[in-house]
Amino acid sequence: MTSMRPSQITLEEVMKNHLQFTENPIAVLDPQDRFIFHNPAFVKTFGLDPSAMDGWAMDDWLSWMYRHRGGVNIEKESLQAWLDYVHSVSRSKPFRRFETDLIDGRWLLVSEQSYPSGHLVLHFADITLQKKTEQELKEAIAKIEHIAQTDELTGLPNRRHILGRFHEELMRAARYQHAFCFGILDIDHFKQVNDSYGHPVGDQVLKHFAKFVRDHLRSQDMVGRVGGEEFAVLFPETELDDAMLVLRRIGDALQQEHLTQIAPDFSYTFSAGLASTQEDLLQDCNALMAKADKALYQAKHAGRNRVLRYQEEPG
């Protein structure tokens with residue numbers, strides 16, 4: 001008996017071999033959603049027992065995955081909710097494609113093809129490597145964005161980021177007629193710290209101050225470094241008296257700090273200027289910053305270690 005030459009193999013036999021031995025899971029269901037074909041890759045991927053699948057319908061497969069916590073990572077709170085969901089989307093279009101993750105961490109791209117005869121073909125492709133690459137890319141982009149928005153020394157939002165948020169919050173305050181306060185904080189006599197103790201100690205002071213202010217602000221407030229020893233604080237939906245109270249409490253707490261880790265008998269203070277939109281909700285960022293900066297100058301001129309609100313100087 002002679003063996004069949006390659007040219008004698010029919011297209012039907014080629015397709016049969018492909019469906020049977022491809023690494024991609026494939027299943028075919030009849031119009032009543034009963035399995036009439038599944039290849040070894042389908043059985044292996046979902047951890048099924050092929051001998052127990054005789055007479056199975058799609059709901060038997062779905063129920064097995066739910067009860068055995070195998071195959072698809074199911075997030076529905078009950079078996080019925082899981083079945084209802086699949087029933088609502090299956091065969092909803094002649095062709096649909098979607099991604100799903102498995103309990104073991106793999107990802108599959110699922111192609112579902114419905115035919116006029118009522119038969120349904122399910123084809124699965126492993127896209128785990130692609131999803132991993134996508135996740136790594138997302139994490140890399142997030143890291144780059146974080147670096148672009150973060151002051152390297154203190155870990156706070158940098159000037160660009162905090163002023164961007166400043167603009168957003170000011171626009172929101174104007175839109176909803178909410179109070180909003182903006183503060184500028186400046187470490188007192190910081191140049192003397194660098195001159196007396198050196199720049200490494202100055203850096204320690206900046207990092208300490210950044211963390212101290214951030215830890216003592218309310219959850220809705222935001223602080224960023226705008227340059228040198230100067231920091232900006234946003235107080236959304238906050239009256240001026242309340243913002244002043246927050247900063248004064250921070251100033252009082254800072255004076256109680258023991259900073260021997262920086263230098264023996266070391267202490268420092270800060271001055272702050274505050275401005276509010278209470279008088280004019282339509283003012284722009286530059287105008288509000290200028291008012292806060294003026295209040296800071298007044299605090300410095302008055303002896304430092306204090307928080308002052310912006311006040312118009314007598315004409």
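What counts, and where the lines are drawn
- Residues numbered from 1 in each chain as written.
- Predicted model: local features only at pLDDT ≥ 70, side-chain atom pairs only at ≥ 80, totals over all residues.
- Heavy atoms only, no water.
- Helix = DSSP H or I, 4+ residues; strand = E, 2+ residues; numbered from the N terminus.
- Rg over C-alpha atoms; globule rule 2.2 N^0.38 Å.
- Buried < 20%, exposed > 50% of the residue type's maximum accessible area, 1.4 Å probe, protein only.
- Contact = heavy atoms within 4.5 Å.
- Areas by Shrake-Rupley, 256 points an atom, 1.4 Å probe, with all protein chains shown as cover.
- Lys, Arg positive; Asp, Glu negative; His and termini not counted.
- Charge placed at Lys NZ, Arg CZ, Asp CG, Glu CD.
- Axes fitted to C-alpha atoms, helices over the stretch in contact; angles between N-to-C directions.
- Parallel < 35°, antiparallel > 145°, perpendicular 65-115°, else oblique.
- Left-handed = near helix turned anticlockwise from the far one by under 90°.
- Nonpolar A, V, L, I, M, F, W, Y, C, P; charged D, E, K, R; others polar.
- Salt bridge = Lys/Arg side-chain N within 4 Å of Asp/Glu carboxyl O.
- Pairing = 2+ DSSP bridges.
- Core = buried A, V, L, I, M, F, W, Y, C linked by side-chain atoms within 4.5 Å.
- Disulfide = S-S within 2.5 Å.
- Phe/Tyr/Trp six-rings, centres within 6.5 Å; stacked < 30°, edge-to-face > 60°.
- Lys NZ or Arg CZ within 6 Å of the ring centre and 35° of its normal.

On to the overall build of the protein chain, then. In terms of regular secondary structure, the protein chain is built from 10 helices and 10 strands. What you see for the protein chain is a C-alpha radius of gyration of 33 Å, clearly larger than the 20 Å of a compact globule of 315 residues, by over 25%. Looking at the protein chain as a whole, 41% of its 315 residues qualify as buried. The long-range fraction of contacts in the protein chain, counting pairs at least 24 apart against all pairs at least 6 apart in sequence, stands at 55%. If you sum the accessible surface of the protein chain, you get close to 18,600 Å²; carbon and sulfur atoms cover 52% of it. One finds the centroid of the 35 positive side-chain charges in the protein chain at a distance of 1 Å from the centroid of its 46 negative side-chain charges.

Direction vectors running N to C along helix α3 (residues 58-68) and helix α4 (residues 79-89) enclose 135 degrees, while the axes themselves pass 10 Å from each other. Looking at the two axes, α3 sits oblique to α4. The element α3 and its partner α4 pack so that their crossing is right-handed. Here Met58, Asp59, Leu62, Ser63, Met65, Tyr66 and Arg67 of α3 lie close against α4, whose contacting residues are Leu79, Trp82, Leu83, Val86 and His87. Looking at side-chain class alone, the contact of α3 with α4 contains eight nonpolar, two polar and two charged residues.

This part takes up the pattern of salt bridges. Using the criterion set out here, one finds 17 salt bridges in the structure. For Arg165, the salt bridge is made with Glu169, and the minimal N-O distance between the two is 3.6 Å. With Arg165 and Glu169 both in helix α6 (residues 159-176) and four residues apart, this pair spans about one turn of that helix. For Arg165, a relative accessible area of 29% translates into the label partly exposed. Residue Arg218 is joined to Asp221 by a salt bridge in which the shortest nitrogen-to-oxygen separation is 2.8 Å. Under the relative-accessibility criterion, Asp221 is labelled buried at 9%. What you see here is one network of salt bridges that share partners, running through Arg165, Glu168, Glu169, Arg172 and Glu237.

The next subject is the pairing of strand β4 (residues 107-114). Each regular strand displays side chains that alternate between the two surfaces of the sheet. Of the strand pairs in this sheet, strand β3 (residues 95-101) and β4 are connected by seven bridges, and their pairing is antiparallel. Across the sheet, Thr100 pairs through a bridge with Leu108, a residue of β4. A loop of five residues connects β3 with β4, the two strands running antiparallel in sequence, and Gly105 in this loop sits at a positive phi of about 100 degrees. Across seven bridges, β4 lies against strand β5 (residues 120-126) in antiparallel orientation. Within β5, the position partnered with Leu108 by the bridge is Asp126. Hairpin connection, β4 to β5: the antiparallel pair is bridged by five residues, and Gly118 has positive phi, about 100 degrees.

This part covers the sheet that holds strand β10 (residues 307-309). Within a sheet, each strand pairs with its neighbour through backbone hydrogen bonds, oriented either parallel or antiparallel. Spatially, β7-β8-β6-β9-β10 is the arrangement adopted by the five strands of the open sheet, whose pairing is mixed. Whereas interior strands pair on both sides, the edge strands pair on one side only; in this sheet they are β7 (222-227) and β10. Here the strands of the sheet are splayed against their neighbours by 20 degrees on average, with no regard to which way each runs. Here β7 runs beside strand β8 (residues 230-236); their pairing, made up of five bridges, is antiparallel. Opposite Met222, over in β8, you have Leu234 as the bridge partner. Sitting on the sheet, helix α9 (residues 240-255) touches β6 (180-187), β8, β9 (270-276) and β10, and the angle it makes with β9 is about 170 degrees. This element, helix α10 (residues 285-301), spans β6, β8, β9 and β10 of the sheet and lies at about 145 degrees to β9.

In a soluble, globular protein the nonpolar side chains are often hidden away together inside. Core analysis: the largest hydrophobic core is formed by 34 residues, its most contacted members being Leu185, Val205, Phe209, Phe231, Phe235 and Leu274. Secondary structure elements with two or more residues in this core: β6, α7 (190-197), α8 (199-216), β8, α9 and β9. Discounting chain neighbours no more than four positions away, the residues touching Val205 are Ile187, Phe190, Val193, Ile262, Phe266 and Tyr268.

What follows is about the state of the cysteines. As enumerated under the stated definition, the model contains zero disulfides in all. Looking at Cys181, it has no disulfide partner, and the nearest cysteine sulfur is the one in Cys285, 14 Å off.

Our focus in this paragraph is the packing of aromatic side chains. Taken as a whole and assessed by the stated rule, the structure comprises 15 aromatic pairs. Ring geometry for Phe42 versus Trp61: centroids 5.2 Å apart, planes at 50 degrees, classification tilted. With Phe42 in helix α2 (residues 40-46) and Trp61 in helix α3, the pair connects residues that are 19 residues apart, well separated along the chain. Among the aromatic residues, ring-to-ring pairing joins Tyr197, Phe209, Phe231, Phe266, Tyr268 and Phe270 into one connected group. When the ring centre of Tyr85 is taken as reference, the NZ or CZ atom of Lys76 above it lies at 4.6 Å. The positively charged end of Lys131 is found above the aromatic ring belonging to Trp107, 4.4 Å away from the centroid.

That is the geometry; function is a separate question.
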